[in-house]
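Coordinates in review
So you can see what is in the structure, the chains are spelled out below.
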Amino acid sequence: MTTTQYREYLNFETPENENRASKPSIRRSNFEFCGFNLRIIRFMDAEMGVSSYVWESGIVLCRYFEKENISFTGKKVIELGSGTGIVGILATLLGGTVTMTDQPEILKQINNNISINIPFACRHRLKVCALTWGENQTDFATDYDVILGSDLVYSSSSYPALVDTLRYLCSQGTTIYLASEFRTGNGSLPFHEVILPTHFNCQIVDRLETKYIAVYKLTKLHSPDNKK
C-alpha cells in the first residue's frame, strides 16, 4: 500500500473525548503500516494513565517510517516511553534490534502487544525494560544507532530528565526520531526550538499541520571532549 490505513474496532479514544477509563477495560485497535497488520490491546485503567492511548504522534511516526521506506535492519534501537508499544513493535518488524522502555507498571501492556504482533522467531531481537528518565538511564548502553520517541513532551516538569536521558543514550553516530504534538501551556514548542538545539542538531522531517504534530530528526552536536 502507498498510504497507511488504520481502523479501530472501537471509536478512537483519548483522555479528551472519553471519561470511562475509571472502570478497568480493554480496547482493541487495528493498524496497518509498511505492510504489517498491527493489533494493539490497550489496558484502560488508572494505573496505566496516559499510556492507555495510541497517541497520534506515534501514528505519525509510524507513517513517516512507511513514507520514507525506513529499514532498521542491523540497527540497535531504543524507544523511550513505549506506551502501547506500537512504534517499537513496528521498528522490530522493520528489522531492528529494539529495546522498548517505559515505567514499570506499563511493561505488561507492552509485553502483551509484543506477544500478539511479533513472531516468535524475531523475539530475540526485542527486549522490554523499565526506564525512568533522569534516574536509571545509566543502566543502559550508549551505542544505540537509533533512539525513538513519540509524544514524550506533555509535561514540562519532565523535560530536564528527558534531555539528560537523551544525552546519555546518544552517541556521535546516533539518530533520534521524535514525534511531538505541540500543546499550549506545556512548553513543548520552546523545548524543541530552544532546549534541544543546545545539545542536538535538529531538523523537522515531517509534519501533520492539522494537529500541530512534527517529526524531528536529531543528531548529537559535535563535542571535542566527547562529553555526554
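Below you will find a few notes about this structure. (Residues numbered from 1 in each chain as written. Predicted model: local features only at pLDDT ≥ 70, side-chain atom pairs only at ≥ 80, totals over all residues. Heavy atoms only, no water.)

As for the nonpolar core
In this structure, Phe65, Phe72, Ile86 and Leu148 are the most contacted members of the largest nonpolar core, which totals 38 residues. Counting 25 residues, the second-largest nonpolar core is a separate cluster that includes Ile78, Leu131, Tyr144 and Tyr159. (Core = buried A, V, L, I, M, F, W, Y, C linked by side-chain atoms within 4.5 Å. Buried < 20%, exposed > 50% of the residue type's maximum accessible area, 1.4 Å probe, protein only.)

Section: the sheet that holds strand E5 (residues 97-102)
Read from one edge of the open sheet, seven strands run E6-E5-E4-E7-E8-E10-E9, paired in mixed fashion. Two strands close off the open sheet at either side, each with one partner strand: strand E6 (126-130) and strand E9 (200-208). Recorded for the sheet is a direction-independent mean angle of 20° between the axes of neighbouring strands. Across five bridges, strand E7 (residues 146-150) lies against strand E8 (residues 175-181) in parallel orientation. Bridge pairing links Ile147 to Ile176 in E8. Of the strands in this sheet, E7, E8, E9 and strand E10 (213-220) are in contact with helix H1 (residues 56-67), which crosses E8 at around 135°. (Pairing = 2+ DSSP bridges. Helix = DSSP H or I, 4+ residues; strand = E, 2+ residues; numbered from the N terminus. Axes fitted to C-alpha atoms, helices over the stretch in contact; angles between N-to-C directions. Contact = heavy atoms within 4.5 Å.)

Section: unusual backbone geometry
The backbone of Asp151 shows a phi angle near 55°, a positive value even though the residue is not glycine. Relative to the elements of secondary structure, Asp151 occurs in the loop between E7 and helix H4 (159-169). Here the phi dihedral of Tyr212 falls at roughly 55°; this positive angle occurs in a residue that is not glycine. As for its placement among the helices and strands, Tyr212 is situated in the loop between E9 and E10. By relative accessible area, Tyr212 is classed as exposed at 59%.

A word on the packing of H4 against helix H5 (residues 188-195)
Direction vectors running N to C along H4 and H5 enclose 40°, while the axes themselves pass 12 Å from each other. On the basis of their axis angle, the class for H4 and H5 is oblique. As for how H4 packs across H5, the hand of that crossing is right-handed. Across the interface between the two elements, Tyr159, Leu162 and Val163 from H4 touch Ser188, Phe191 and Ile195 from H5. Of the residues belonging to the contact of H4 with H5, the class tally is five nonpolar, one polar and no charged. (Parallel < 35°, antiparallel > 145°, perpendicular 65-115°, else oblique. Left-handed = near helix turned anticlockwise from the far one by under 90°. Nonpolar A, V, L, I, M, F, W, Y, C, P; charged D, E, K, R; others polar.)

What about the pattern of salt bridges?
Applying the stated criterion to the full structure yields six salt bridges. A salt bridge links Lys67 to Asp206; the shortest N-O distance between them is 2.8 Å. Here Asp206 lies in strand E9 and Lys67 lies in helix H1, a separation of 139 residues in the sequence. Within this structure, Asp151, Glu181 and Arg183 form a network of salt bridges that share partners. (Salt bridge = Lys/Arg side-chain N within 4 Å of Asp/Glu carboxyl O.)

Quick word on helix H3 (residues 107-117)
Taken together, the buried positions of H3 are Leu107, Gln109, Ile110, Asn113, Ile114 and Asn117. Considered in projection along H3, the buried side chains sweep an arc of 160° and stay on one side of the axis. Check the buried side of H3 and you find it contacts strand E3 (36-44), helix H2 (86-93), E5 and E6. (Arc of directions from axis to C-beta.)

Quick notes on the packing of aromatic side chains
What the rule picks out here adds up to seven aromatic pairs. Geometrically, the ring pair formed by Tyr64 and Phe65 is tilted, given 6.4 Å between the ring centres and 55° between the ring planes. A relative accessible area of 6% means that Tyr64 is categorised as buried. You can call Phe65 buried: its relative accessible area is 1%. For the pair Phe65 and Phe72, a centre-to-centre distance of 5.1 Å together with 80° between the ring planes defines the contact as edge-to-face. Owing to a relative accessible area of 1%, Phe72 belongs among the buried residues under this scheme. Aromatic ring contacts, followed pair by pair, group Tyr64, Phe65, Phe72 and Tyr177 into a single cluster. Taking the ring centre of Tyr144 as reference, the NZ or CZ of Lys76 above it sits at 5.2 Å. (Phe/Tyr/Trp six-rings, centres within 6.5 Å; stacked < 30°, edge-to-face > 60°. Lys NZ or Arg CZ within 6 Å of the ring centre and 35° of its normal.)

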